[in-house]
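Listed below, chain by chain, are the residues.
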Amino acid sequence: PPELVPDSLHRLPVHPLWQSPLTIPGGTRQSPINIQWRDSVYDPFLKPLKISYDPTTCLHIWNNGYSFLVEFDDSADRSIIVGGPLENQYRLKQFHFHWGAINEWGSEHTVDSKFYPAELHLVHWNAVVYPTFEEAVMEGNGLAVIGVFLKLGAHHEGLQTLVDALPAVKHKDTVIEFDVFDPSCLIPSCPDYWTYAGSLTTPPLTESVTWIIKKKPIEVDENQLEAFRMLLFTSDGEEEKRMVDNFRPLQPLMNRTVRSSFQ
Ligand SMILES: NCCOCCOCCNC(=O)c1ccc(S(N)(=O)=O)cc1
Ligand SMILES: [Zn+2]
């Protein structure tokens, strides 16, 4: 069956979902993509991204069977981003990660065809224009996702509070309360980013995301990456499938330009 064809890295998918749908009919702005540094265009009109998160809006961590999500109370403008390439301010709804079985791959976006071992996505929606997240998901300017690359290096103190909670959400559809966390500790202080018009990287794959990919990665240590890899795609009682390689294959750039906020 086509979804079990090994990819360019001779990897068989552990979770067929990630292999299908490979493309969506008529998709012109799909994600993720390779960011070719030399092809990105410096845009002097890009503003600095302003991030203001309220740590008490943090609600819980849950394993949704694709990744583990940290969800926030988005019923008011308490955790928001504004500026950068964005016309409006956007509300933080959740953040999650994508990672590999080994350190050689795991990120969704690549930079000059280089994979990072993991990638963080902070998902925000345009509550100025749309009444609900579900509606924003369907609109071209509905979502803004900040992508942060994780690289193998020093222990990350802020991430460790999250890692310590992961055993409680080992299985799909488990949830644990997580009531104070400031995700800004996971975002590099360097202001440089790339931005392009893209999509969700999991179903419904809608072309509603303004991607803001931070140039600088954060460093995490081997034990912290291993903690991600002990999560399961499967529910308690099912045959265990380790939650690894939960990233979508690269998509064609088509008629898009990646802009940079830096020279
Ligand atoms: N599932 C049917 C109803 O759909 C309503 C909208 O649900 C959207 C669920 N998906 C997401 O919220 C969602 C959010 C971010 C990313 S990603 N990896 O592109 O950052 C992928 C997916
Ligand atoms: Zn994601």
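Just above sits the structure.
Worth saying up front: this structure is predicted, and the values here are computed from it rather than measured.

**Student:** Summarise the overall build of the protein chain; cite the residues concerned and give the values.
**Tutor:** Counting its regular elements, the protein chain contains 3 helices and 15 strands. A globule of 263 residues ought to have a C-alpha radius of gyration of about 18 Å, and the protein chain, at 17 Å, matches this closely. In terms of principal-axis extent, the alpha carbons of the protein chain reach across some 50 × 40 × 40 Å. Looking at the protein chain residue by residue over its 263 residues, the buried ones come to 54%. In the protein chain, the share of contacts with a sequence separation of at least 24, taken over all contacts with a separation of at least 6, comes to 72%. Accessible area for the protein chain stands at about 11700 Å²; split by element, carbon and sulfur atoms hold 56% of it.

**Student:** Can you lay out the coordination of the zinc ion (ligand 2) for me, pointing to particular residues and giving the numbers?
**Tutor:** Looking at the zinc ion (ligand 2), one finds its protein donor set to be His96 (NE2), His98 (NE2) and His121 (ND1), positioned 2.0 Å from the metal centre. Here the zinc ion (ligand 2) is ringed by 4 donor atoms whose angles at the metal span 99 to 117 degrees, and the overall shape comes out tetrahedral.

**Student:** For the site of ligand 1, give the residues involved together with the corresponding values.
**Tutor:** The environment of ligand 1 is formed by 13 residues, the closest being His96, His98, Phe133, Thr201 and Thr202. In this structure, His96 approaches ligand 1 through a side-chain N or O atom, which is 3.2 Å from a nitrogen atom. Between ligand 1 and Thr201, the relevant distance is 2.8 Å, taken from a nitrogen atom to a side-chain nitrogen or oxygen of the residue. In the complex, the protein chains occlude 67% of the 550 Å² of accessible area that ligand 1 would expose alone. Assessed atom by atom at 2 Å from the grid points, ligand 1 resides in the largest pocket. At the level of secondary structure, the elements contributing two or more residues to the shell around ligand 1 comprise strand E7 (90-99) and strand E9 (118-125). With 3 residues, the single largest contributor to the shell around ligand 1 is E7. The residue inventory of the shell around ligand 1, partitioned by class, reads 6 nonpolar, 6 polar and 1 charged.

Quick notes on the rules
- Residues numbered from 1 in each chain as written.
- Chains lettered and ligands numbered in written order.
- Predicted model: local features only at pLDDT ≥ 70, side-chain atom pairs only at ≥ 80, totals over all residues.
- Heavy atoms only, no water.
- Helix = DSSP H or I, 4+ residues; strand = E, 2+ residues; numbered from the N terminus.
- Rg over C-alpha atoms; globule rule 2.2 N^0.38 Å.
- Buried < 20%, exposed > 50% of the residue type's maximum accessible area, 1.4 Å probe, protein only.
- Contact = heavy atoms within 4.5 Å.
- Areas by Shrake-Rupley, 256 points an atom, 1.4 Å probe, with all protein chains shown as cover.
- Donors = N, O, S within 2.8 Å, 3.2 Å for Na, K, Ca; no water.
- Tetrahedral: all angles 85-135°; square planar, octahedral: opposite > 155°, others 65-115°.
- Near = heavy atom within 4 Å.
- Polar contact = N/O pair within 3.5 Å; in protein donor to acceptor, adjacent residues only side chain to side chain.
- 1 Å grid on protein atoms, 1.4 Å probe; cavity = no way out; pocket = protein on both sides within 12 Å on 5 of 7 lines; lining within 4 Å.
- Sits in = over half its atoms within 2 Å of the grid points.
- Nonpolar A, V, L, I, M, F, W, Y, C, P; charged D, E, K, R; others polar.

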